[in-house]
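# Fold and contact review
Chain by chain, the residues run as shown.
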Amino acid sequence: MVEHGDIRVVHCGGSKLNFRDPVITHDSRFLLCASGEAVKVFSTSTEECIHELRGHTGLVTGVLLRPSNHLQVYSSSLDGTVRLWDFTDGILIKTCVIGYPIYSFYASAKHENVIFIVTSMPSEKRAERFQLVAVHLPQSGDQLVEARELSAVLSGVNPNPAAIAFGRGGEFIASVNDLQLEVYFFKKQKSYRFFLKEDNKKGGWNTFTCVACHPKDDCIATGHEDGKIRLWRNFNHKKEYTYSTLHWHHSAVSSLCFTPEGTNLLSGGVESVLIQWRYKQESERDFLPRLGAAITHITVSPDGSLFCTSHSDNKITIIQSCVKVSAVIQGLVKGDSIRTDLMMDPRSKALVLNGKPGHLQFYSLQRDKLLYNLDIVQQEYIHESGLQQFEVVKAAFDASGLWLATVEERHQKAAELELNLKLWAFDEQTQSFVLNTTISAPHDAQITAMSFRQTADSQTTLLVSTSKDGHFKAWQLAAPAHTEDEGPSWLCDFVGAYHGLVPECCSFSADGSLLAVAFQEVVTVWSPATWELLTTLSQPPGAVSDLCFGRLSCSKYLLGTTASNLLCCWNLLTCSLEWSTSMDVRRLLVDPLSENMAAFCYQSGSTDLFVFKPSEPRPLFSRKAVCSGKVTQAVFAPREEMLESCEESSQWLNRSQLYFLTQQMDLMTFTTKAEEDRLLASSKQLVIDDSVAMTPFYLLLGKHRQQQQEHRDSDSSLWAERTALPQTSASIKELLQTPAHVLPSTSYLCSMFVQSLLISVSDAREEKAHAEEEMESEKEEEDSEEEMESSRSKPELVAAATESDAPALTKAQARELRRVRKLDHSWLAGLLDS
Amino acid sequence: MASFKPTKIQVYPKLGEKVTQDTLYWKNYKAPVQIKEFGAVTSIDFSPVTPHNFAVTAFTRIHIYGPFSQEPVKSFTRFKDTAYCGRFRSDGQLLVAGCEDSVVRLFDVSGKVALRLFKGHTKAVHLTDFTSDRYQILTGSDDYTCRLWDIPNATELTTYREHTDYIRCGVTSKLNRDLFITGSYDHTVKLFDARVEKSVITMDHGQPVESVLLYPSEGLLVSAGGRHVKVWDLLKGGQPLVSLKNHHKTVTSLALSSNGQRLLSASLDRHVKVYSTTNYKVVHNFDYAASILSLALAPDDESIVVGMTNSILSIKHRKNQEDSKEIAGQQRRRPSYRVFVKGKNYVPKQDDYLVSKPVKEHLAKYDKQLRRFNVSKALDTALETWIRFRKPEITMAVIKELDRRGTLKNALAGRDERGLSQLLNFLIGNFVDARFTPVLVTAAEMILDIYQSIIGQSPLVDRQLLRLQDLVEKELDYQKELLEVLGMLDTMFASSLPRKEVPCSGIGKLE
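Residues numbered from 1 in each chain as written. Chains lettered and ligands numbered in written order. Predicted model: local features only at pLDDT ≥ 70, side-chain atom pairs only at ≥ 80, totals over all residues. Heavy atoms only, no water.

Turning our attention to the overall build of chain B. Broken down by element type, chain B carries 11 helices and 28 strands. Put simply, chain B has 511 residues, and 47% of those count as buried. Considering only residue pairs separated by 6 or more positions, chain B has 45% of its internal contacts joining residues 24 or more positions apart. Surface exposure of chain B reaches about 28200 Å², of which carbon and sulfur atoms provide 54%. (Helix = DSSP H or I, 4+ residues; strand = E, 2+ residues; numbered from the N terminus. Buried < 20%, exposed > 50% of the residue type's maximum accessible area, 1.4 Å probe, protein only. Contact = heavy atoms within 4.5 Å. Areas by Shrake-Rupley, 256 points an atom, 1.4 Å probe, with all protein chains shown as cover.)

Right, here's the structure in full:
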């Protein structure tokens, strides 16, 4: 096995945005959030990502604005460092090494240069315990510093960042864990603990989930597992504390937040409703319902104008004062399972997979941005745990991207399976998919596979679906039967079966002339034109789990993988087995643009990749242990422009790129070295003036301005060549930059200005004289200091004198004038200074 | 904040007849006018000239009706016996009719007494017609002969004795004065040319021929006899083109629609079928109360006139386009057009600042309740009488939605006697509907679970529950029987199918 050093497996976008609560900057223009190993800076108005603050080597676990400087931000990570960034320019200012993995961290304006981190306690026991530690950040100018002053504050805390909060300007810190609320007063260096009973009489769970402290008042709000919010007061006494209860949520409160003035309390949970409680008038509350998915974090901008909620579907919503959703930042939605395969939309070249419940997401791989969510189920999603709702389980595109077929199913315990097959047509006008046909209960049992016929002439579109009920059905677009119907709709054209066996997968040949359906261990080949069974191929034992036709020059081959770890290749011309090899192939893929096929094999805890041509005995590329765990979802994405790689091992990546999802739901891809270099270069080229939010409009304008700058630079260099006088350009600049109302009259300045623009005379003698002049002028410069002093003493007089001098100019006069101009300068400067 | 997604009302496939352009066209007739004649109506013929009166031959009379009159405008009663085949001449001035007493009579439409009597046949004359030159008459009789007569001097010109059975139908060419066609009970249709002594083309229909019809182009001939309707290509020397067998009793009469695109056939099985003349598929079907003997279409399909054995003449007039519109307009008074376009056609000026108004979302009543999670109220609104009877699919959709939300039980519970009986009524009405059964079974189970403790308290509810039980038992029996029939059919098909050599059980069927 050859090790291919130049092909690497890399992470490819789509990291979590909702891992920790985001931060809104003081001017409410930017939103910062932890995203994988980086911190992303978004514009709150345009939803665009402006910077990615990269540098951490572990998962970023928190982002905080620096209390003493609101243009800087701290970030903490599991790699044991806290980094200070300038987020407007995206520059790393300082790295502070702490040495322990940081799970969450806090800071307060009262405790300058101290941050509080939650880290795991060194303990022998298996169950991890966490402690809150105060860290003094050393004040040195170095880039890399090590923090040594650590002091434990609280032990046995919850690593969840919502479980600890600073109260009233940093006087105390409140921490909740399980059934205990602990309040630590910094002044008294004393902590109070309050306990709740495990169960109240109604059977609700009293476990604390989150805590928030009122910014002005002595009040702590805690959220509980059963949906209650408790407001604690008088907690600086051990016994006389009181609390009141608010109850609206029906399941756990996941986040609480006070507005900066403390007038409102915001809460959110699984219901995906943002609730605004009036502080001290808790019976009055405002709701913002249907935010899309369960709320995980709530933050308020420092001026209180923007609310921001993170959601479980990897989304951040920015809300203007609890009324209007103003922006939505949406990342790649990764549920617990991808039931549809990874697909490419042939039209937009976007990655398509199921994301939000009942939706298909279109994700642009090039821009690492979610394009849009297509609502497949078109039903109100009920945010309640334990409810079986419709889910998109299968989807398929036809070759031209004109048709999309989706299958949604709902499986209830008692009732039978509910299935819907939906066919969507692409609408050119709205540039989105429009529902064309809904077929309810297309099969009696789950649909195992679905495939469109890929024909060159997309005149007759055909869809084949196979199901566990032992049939496969062919669906065809048919003219409307009723005059009332608007357009053509899909009808069943053929129902096929083979000895009552269950079909597991189906595949059309590249030209659409053959259909292969695998019925357990038998592969049947049909002609879609006549629906005639042409031949059967079989290679027992083991049911066929994946089928692929070869492409281009290998189109005579049909490949299949079986459950008994065989990869078989049949020759369709001879209807016999060409070759077979023993490997546990979990996913077999065919590159739509070349003959290459990729097989992900699972072997001893990790996945290997083989890329091969069916006609050649040796694999083109193989890589052991691509990732740990099984790979069941992968896709070949066609490249926008072809790579010209001449190396044999990386040629298979020239036309398309291979993406796959690991068991941990990370999206990975393969890149070559050349490609990485190019990417790096392109990212360097993109230099942006950071004072302006980066929008496409800005990019356009910025580039233009840059060009202008360059143009001007070149101009000025030309200018410099032509005008030998060094002060001239400076004087012009001065002239142009001085406010008009402090300048002398234009007529007075005009002649001098024009004079300064004059090119030196071509005559050699003149040239020499000029040189002399220059020398003189230099001399003048030297002694100009004194003159400046004098001029400042009586500027009016000088001004009068120069005015009389203006008309005729002899050489001497010119010299005089130049001196005067110098005087003029200082005069202006003096005025400006005053 | 996404807006509330309303409940999806499932569209179920329409049962019964499909709506096509043809059904729309042929349905567009008013309720029939029924007129009682004195005997079976054997023949109807429209006058070729306006106002297109039509002559109805029934028993011993011929009545002439105006296009909209319900009373005959004229009647000819001077027949000794049953009259047959009253036909207008192409100028609408003369009418000829045969009679059981073998005499053919020629009438002036404005007069009463027969102008001429043509005597010569020995048996009843069932076929009479004018030739296209208007001076001759064709007759066909039960004495197996057909004859041509000269009108001015009432003399017989030619006799053809080629048929070997009763001649019951025939038609003259409209384009050529010498050509005519006769159909006989000897199963043949013969094309005669008056210039030669014998028939030119003979076509074997296979059954006694009851009616023949020429296309306006006269290239095609349609004959009806027995259960068959056959189309012949005369230009290819009488080659059979199509044979249609869509009736299950003898076809008695044929007609063409005014544009020649549709062929109509009437039969003793009480149906009139409309065929497309391009593919000869049945595109529409009319039902009548009794066996039909005669059928005629007015020019421009203005009316369909059908005569039946129970001596009833049924006339259907086409609906007037303006009428139907007016009626629809009167039914609902809508707000004036101005109300809708108020402010909509205002073009903003250049400096105007546009304030967009949020579009108000319109939700149905049950959706409003569902949005607020008021499950019982949502079900109540969905069970309102009008929705329950007229649009059961809406009620079904709401029940389904509640089931999906897991709150169906809550919605069904806590009802009083009235509410429960309403619910049970709905169940009884729709339980056996195959489209609704899967959902209603779960609902019914839940209802029984919830209310089993109160069974016996209300006679009304008890009665309804018993009915429901009956219904379910009956349905089970039906299903069982149907499965039995299916099994029987399968064995029959299996034995009739030829054995295939490839061991393949691919059962392909078109759905």
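Now that the structure is up, let's keep going.
Turning our attention to the overall build of chain A. The helix and strand inventory of chain A stands at seven helices and 57 strands. With 834 residues in all, chain A has 50% of them scored as buried. Restricting to contacts in chain A with at least 6 residues of sequence separation, those with at least 24 account for 44%.

A separate point is the environment of A:Gly331. All names here are of chain A. Among the secondary structure elements, Gly331 is positioned in the loop between β30 (324–330) and β31 (343–344). Residue classification places Gly331 among the buried residues on the basis of a relative accessible area of 9%. Spatially, the C-alpha atoms of Gly331 and Asn314 are 5.4 Å apart, while their sequence positions differ by 17 residues. The residues touching Gly331, leaving out its near neighbours within four places in the chain, are Leu17, Asn314, Gln361 and Leu370.

Moving on, we come to the pairing of strand β4 (residues 61–65) of chain B. Residues and elements named next belong to chain B. Where burial is concerned, most of β4 is hidden: four out of the five residues are buried. Connecting strand β3 (residues 54–58) to the next strand, β4, in antiparallel fashion are two residues, including Phe59 with a positive phi near 55°. Relative to strand β5 (residues 72–76), β4 is paired through four bridges, and the arrangement is antiparallel. What sits directly across from Ile62, in β5, is Phe76. Here β4 folds back onto β5 in antiparallel fashion, the turn holding six residues. (Pairing = 2+ DSSP bridges.)

Take the packing of helix α7 (residues 392–405) of chain B against helix α10 (residues 437–451) of chain B next. Residues and elements named next belong to chain B. Two elements in contact, α7 and α10, have axes separated by 10 Å at closest approach and are oriented at 65°. Regarding the angle of α7 to α10, the classification is roughly perpendicular. Crossing of α7 over α10 shows left-handed handedness. Of the residues in α10, those in contact with Met396, Ile399, Lys400 and Asp403 of α7 are Val439, Leu440, Thr442, Ala443 and Met446. (Axes fitted to C-alpha atoms, helices over the stretch in contact; angles between N-to-C directions. Parallel < 35°, antiparallel > 145°, perpendicular 65-115°, else oblique. Left-handed = near helix turned anticlockwise from the far one by under 90°.)

Attention now goes to the sheet that holds strand β5 (residues 49–54) of chain A. Residues and elements named next belong to chain A. Strand order in the open sheet formed by four strands is β2-β3-β4-β5, with antiparallel pairing between adjacent strands. Every other strand in the sheet has two partners, leaving β2 (23–24) and β5 as the edge strands with one partner each. Relative to β5, strand β4 (residues 38–43) runs antiparallel, the two being bridged by five bridges. Paired with Phe42 across the two strands is Cys49, which belongs to β5.

A separate point is the state of the cysteines. Among covalent bonds in proteins, the disulfide is the one between the sulfur atoms of two cysteines. All names here are of chain A. Summed over the entire model, instances satisfying the criterion amount to zero disulfides over all chains. Note on Cys257: no disulfide assigned, nearest cysteine sulfur contributed by Cys308 at a separation of 9.8 Å. Here Cys505 stays free of any disulfide, with the sulfur of Cys506 as its closest cysteine sulfur at 7.2 Å. (Disulfide = S-S within 2.5 Å.)

What follows concerns the sheet that holds strand β21 (residues 228–233) of chain A. All names here are of chain A. If you walk across this open sheet you meet the four strands as β19-β20-β21-β22, and the pairing is antiparallel. Only two strands of the sheet have a single neighbouring strand rather than two, namely β19 (208–213) and β22 (242–247). Between one strand and the next, the sheet's axes are offset by a mean angle of 25°, whatever the strand orientation. Relative to β21, strand β20 (residues 219–224) runs antiparallel, the two being bridged by five bridges. Directly across from Thr222, in β21, lies its bridge partner Arg230.

Right, let's get into the pattern of salt bridges. Residues and elements named next belong to chain A. Per the counting criterion, the structure on display carries 37 salt bridges over all chains. Glu418 is paired through a salt bridge with Arg410; the nearest N and O atoms lie 2.7 Å apart. Since its relative accessible area comes to 2%, Arg410 is described here as buried. Ionic pairing is found between Asp584 and Arg586, a salt bridge with its closest N-O pair at 3.1 Å. Using a relative accessible area of 35% as the deciding quantity, one classes Arg586 as partly exposed. Connected via shared salt-bridge partners are Arg168, Glu171 and Asp218. (Salt bridge = Lys/Arg side-chain N within 4 Å of Asp/Glu carboxyl O.)

Next up on the list: the packing of aromatic side chains. Per the stated rule, a full pass over the model turns up 50 aromatic pairs over all chains. Consider the rings of A:Phe185 and A:Tyr192, whose centres lie 5.7 Å apart with planes at 80°: the pair is edge-to-face. On the accessibility criterion, A:Phe185 (9% relative accessible area) is buried. Judged by centre distance (5.3 Å) and plane angle (50°), the ring pair of A:Phe600 and A:Phe660 falls under tilted. Taken together, the residues A:Phe600 in strand β52 (residues 597–603) and A:Phe660 in strand β56 (residues 656–661) connect sequence positions 60 residues apart. Taking the relative accessible area as the measure of exposure, A:Phe660 reaches 0% and is therefore buried. The structure contains a cluster of three or more aromatic residues connected by ring pairs, namely A:Phe472, A:Phe494, A:Tyr498, A:Phe519, A:Trp526 and A:Trp531. Here the basic side chain of B:Arg318 rests over the ring of B:Tyr25, its NZ or CZ set 4.1 Å away from the ring centre. Directly above the ring of B:Phe373 sits B:Arg405, whose terminal nitrogen or CZ lies 5.2 Å from the centroid. (Phe/Tyr/Trp six-rings, centres within 6.5 Å; stacked < 30°, edge-to-face > 60°. Lys NZ or Arg CZ within 6 Å of the ring centre and 35° of its normal.)

Here we come to helix α11 (residues 459–496) of chain B. Taking 1.5 Å as the rise per residue, α11(B) with 38 residues should run 56 Å; its terminal C-alpha atoms sit 56 Å apart, in good agreement. Structurally, α11(B) contributes buried residues whose contacts are with α9 (417–430) and α10 of chain B. (Expected span 1.5 Å × (residues − 1).)

Attention shifts here to a negative patch on the surface. On the surface, B:Asp470, B:Glu473, B:Asp477, B:Glu481 and B:Glu484 cluster together into a patch of negative charge. Within the element layout of this structure, B:Asp470 appears in helix α11. (Patch = residues over 30% accessible without salt bridge, like charges linked within 9 Å, V, L, I, M, F, W, Y side chains within 5 Å. Lys, Arg positive; Asp, Glu negative; His and termini not counted. Charge placed at Lys NZ, Arg CZ, Asp CG, Glu CD.)

All names here are of chain B. A cluster of basic residues, Lys360, Lys365, Lys368, Arg371, Arg372 and Lys377, forms a positive patch on the protein surface. No other element matches the three residues that helix α4 (residues 365–371) contributes to the positive patch. With respect to the helices and strands, the residue Lys360 is situated in the loop between α3 (337–341) and α4.

Once that is clear, we can look at α7(B). Residue and element names in this part refer to chain B. Over its 14 residues, α7 runs 20 Å from end to end, which matches the ideal 20 Å to within 8%, given 1.5 Å per residue. Along α7, 12 of the 14 residues are buried, which leaves the element largely enclosed by surrounding structure. When α7 is considered as a whole, its buried residues turn out to be Pro392, Ile394, Thr395, Met396, Ala397, Val398, Ile399, Glu401, Leu402, Asp403, Arg404 and Arg405. One or two residues past the end of α7 sits Gly406, with phi positive at roughly 75°.

It is worth spelling out the side chain of A:Glu408 at this point. All names here are of chain A. Locating Glu408 in the fold gives a position in strand β36 (residues 403–410). A distance of 3.4 Å separates polar atoms of two side chains, one belonging to Glu408 and the other to Lys422. Sequence-distant contacts of Glu408, defined by excluding residues within four places in its chain, comprise Ile376, Val377, Phe390, Glu391, Val392, Val393, Glu418, Leu419, Asn420 and Lys422. (Polar contact = N/O pair within 3.5 Å; in protein donor to acceptor, adjacent residues only side chain to side chain.)

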